[in-house]
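Observations on chain architecture
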Amino acid sequence: MNREFLLNIAFLLSINLLIKPFYIFGIDRTVQNVVGAETYGLYFVLFNFTFLFQIINDFGIQNFNNRNISRHRQLLDKYFPNILMLKLLLALIYMVVVLSLAAAVGYFQAYPHLLLVIALNHILISLNFYVRSNVSGLGMYRIDSVLSAMDKLLMILFCSYLLWGTSSWQPFQIEYFIYAQTLAFSLTILAGLAVVGRRIQVFRLRFKPAFLLLILKESYPYALVVFLMTVYAKIDGVMLEKMLPDGQLEAGIYASAYRLLDASNMIGFLFAGLLLPMFSRMLKEKEPIDDLLQFSVRMIWAGAITLSVCTYWYQVEIADLLYTEATPYWGQVLGYLIFSFVAVSGIYIYGALLTANGSLMKMNVIFLLSIALNVLLNLWLIPGSKAAGAAVATIATQFFSMFAQIVLAHRELALRGDKGWIWRLLSFTFLVVGLTYGMYNYGTLGWKVNFALNLSFCALLAFGLKLIDLKAFLLLLPRSKK
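This write-up is about the structure you can find in this document. (Residues numbered from 1 in each chain as written. Predicted model: local features only at pLDDT ≥ 70, side-chain atom pairs only at ≥ 80, totals over all residues. Heavy atoms only, no water.)

Of regular secondary structure, the chain possesses 19 helices and zero strands. Put simply, the chain has 482 residues, and 56% of those count as buried. Considering only residue pairs separated by 6 or more positions, the chain has 86% of its internal contacts joining residues 24 or more positions apart. On the chain, roughly 20700 Å² of surface is accessible, and the fraction owed to carbon and sulfur atoms is 67%. (Helix = DSSP H or I, 4+ residues; strand = E, 2+ residues; numbered from the N terminus. Buried < 20%, exposed > 50% of the residue type's maximum accessible area, 1.4 Å probe, protein only. Contact = heavy atoms within 4.5 Å. Areas by Shrake-Rupley, 256 points an atom, 1.4 Å probe, with all protein chains shown as cover.)

Right, dumping it as structure tokens:
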């Protein structure tokens with residue numbers, strides 16, 4: 001199973017590392033620089049506000065469907081058309097709820113067109129994830145990897161033309177970015193439907209209330225997980241805008257730091273998407289999951305610790321390189337927020353395991369506590385520290401959630417307590433901190449070269465301490481035939 005996982009994650013990362021970083025830093029970052037931090041901050045706030053209600057769009061169906069199709073692939077013909085009808089009904093309810101609540105808080109009156117299109121994009125995002133959950137559930141992991149990057153590749157093409165290929169047009173506006181998302185998501189959904197359609201024998205789109213209610217009953221625990229995770233992950237931007245007189249600007253600064261965190265989280269998100277169906281199938285077949293779990297955690301935490309520590313030391317230089325309006329304060333927000341990447345990486349992996357095991361209600365208790373902690377910390381820290389305070393609140397919340405999920409996973413699944421790799425991980429962390437401190441303060445080759453060397457040396461440390469096992473990478477090589 002490690003060989004299968006490694007082959008698929010290598011392909012997945014190769015596809016996404018070629019495309020998504022360029023989108024995030026070449027396109028998304030450029031859009032913020034062109035339209036300004038305040039305008040992009042408004043987009044960030046509206047995006048987060050509409051995302052808070054994404055639970056209505058998804059209702060846990062993505063994870064429910066991924067888990068069930070991976071275990072019972074013969075259900076595709078029955079599930080797909082009926083759930084597709086359910087998704088359309090949920091999308092209508094979502095739009096009504098979002099626009100009504102937006103009107104209640106004043107967003108709809110101020111920004112009706114932006115809000116409407118952003119909400120539509122969330123519907124398309126949810127539909128895209130549902131279609132892909134069928135692809136990965138059927139075991140077509142590499143096709144799913146291509147689909148996972150397709151929307152960003154299309155965004156690169158569309159926005160490159162709008163940003164740099166239209167000199168005779170008026171200056172780039174945030175609306176162009178949002179419209180490009182709509183088109184990119186739509187085309188990706190069509191590609192996914194073409195893949196899934198080939199595996200369906202008979203497709204009949206019918207309205208069956210009894211079956212739809214059954215699906216909702218089965219998926220609501222997944223829905224609650226998604227909703228609670230969304231609230232404590234996305235409420236920061238909305239609270240910044242509402243609590244501060246310069247809230248849109250602070251939200252834009254927070255968004256600039258969150259962009260690097262998003263780019264980093266891409267790896268954890270991809271791991272989770274691949275691990276969920278694999279864990280589900282292994283648990284069903286009663287196969288041991290300890291080796292795959294530890295292999296995944298060691299691999300992703302080695303990268304997360306390296307990137308977090310290095311980014312913290314070079315926070316001002318990185319912020320100044322990426323953003324035309326950047327000040328040392330922008331770097332401070334980035335330096336704080338990036339440490340939550342370590343916790344989020346653990347959450348993606350242990351969350352996927354707990355979801356595959358069906359431990360959803362106990363996860364929901366953790367997320368409820370996380371929301372309470374996050375809101376209280378934001379109320380305390382934002383008035384005095386603004387975006388930096390929101391970043392500190394995020395770090396505390398994510399680490400609390402991660403440790404709680406690790407404890408829950410060990411209790412639910414009686415995981416083996418191999419402490420050897422934990423001591424190697426702690427040793428690795430101290431060595432990375434010492435190495436980065438030395439490179440930053442005593443390196444003489446310029447910060448960009450020092451930063452690159454720093455990352456390289458940390459990677460060698462990870463191999464040396466066997467957090468990333470070289471023998472595992474050799475499994476990628478074709479096996480010789482005797």
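So much for the structure itself; the text now carries on.
Next up on the list: the packing of aromatic side chains. According to the stated counting rule, one finds 20 aromatic pairs in the structure shown. Where Phe 49 meets Tyr 107, the ring centres are 5.1 Å apart and the plane angle is 80°; that geometry is what we call edge-to-face. Taken as a pair, Phe 49 in helix H2 (residues 37–51) and Tyr 107 in helix H6 (residues 107–110) lie far apart in primary sequence, 58 residues in all. The lysine or arginine in question, Lys 152, covers the ring of Tyr 23, its NZ or CZ lying 5.3 Å from the ring centre. In this structure, Lys 242 is placed above the aromatic ring of Tyr 107, and the distance from its NZ or CZ to the ring centre is 4.5 Å. (Phe/Tyr/Trp six-rings, centres within 6.5 Å; stacked < 30°, edge-to-face > 60°. Lys NZ or Arg CZ within 6 Å of the ring centre and 35° of its normal.)

What follows concerns the packing of H2 against helix H7 (residues 112–137). Running from N to C, H2 and H7 cross one another at 50°; their axes reach a closest spacing of 9 Å. If you check the angle between H2 and H7, you find them oblique. Helix-helix and strand crossings are classified by hand; for H2 and H7 the assignment is right-handed. Packed against H2, whose contacting residues are Leu 42, Tyr 43, Leu 46, Phe 47, Phe 49, Thr 50 and Phe 51, the element H7 presents Leu 114, Leu 115, Ile 118, Ala 119 and His 122 at the interface. Looking at the contact of H2 with H7 residue by residue, the class counts come to ten nonpolar, two polar and no charged. (Axes fitted to C-alpha atoms, helices over the stretch in contact; angles between N-to-C directions. Parallel < 35°, antiparallel > 145°, perpendicular 65-115°, else oblique. Left-handed = near helix turned anticlockwise from the far one by under 90°. Nonpolar A, V, L, I, M, F, W, Y, C, P; charged D, E, K, R; others polar.)

Attention now goes to the pattern of salt bridges. Inspection of the entire model under this criterion finds three salt bridges. The salt bridge partner of Lys 152 is Asp 151, with a shortest N-O separation of 3.0 Å. For Asp 151, a relative accessible area of 6% corresponds to the buried category. (Salt bridge = Lys/Arg side-chain N within 4 Å of Asp/Glu carboxyl O.)

With that out of the way, let us pick up the nonpolar core. Judged by nonpolar contacts, the single largest core of 128 residues is most densely connected at Val 31, Ile 174, Phe 177, Tyr 254, Phe 279, Trp 301 and Leu 353. When residues no more than four places from it in sequence are discounted, the contact partners of Val 31 are Gly 36, Tyr 40, Leu 163, Phe 172, Ile 174 and Phe 177. Counting 23 residues, the second largest nonpolar core, distinct from the first, contains Ile 83, Val 135, Leu 138 and Phe 185. (Core = buried A, V, L, I, M, F, W, Y, C linked by side-chain atoms within 4.5 Å.)

Quick look at the packing of helix H13 (residues 315–322) against helix H14 (residues 328–337) now. Put simply, H13 and H14 touch, their axes get as near as 8 Å, and they point 115° apart. The chirality of how H13 crosses H14 is right-handed. Contact with H13, carried on its side by Gln 315, Val 316, Ile 318 and Ala 319, involves Pro 328, Trp 330, Gly 331, Gln 332, Leu 334 and Gly 335 of H14 and no other residues of that element. Taken together, the residues of the contact of H13 with H14 sort by class into six nonpolar, four polar and no charged.

Here Gly 197 shows up in helix H9 (residues 174–197). The sequence separation of Gly 197 and Phe 80 amounts to 117 residues, and the corresponding C-alpha distance is 9.5 Å.

Let us now look at the environment of Gln 173. Inspection of the secondary structure assignment puts Gln 173 in the loop between helix H8 (141–164) and H9. In this structure the C-alpha to C-alpha distance between Gln 173 and Tyr 40, which are 133 residues apart in sequence, comes to 10.0 Å.

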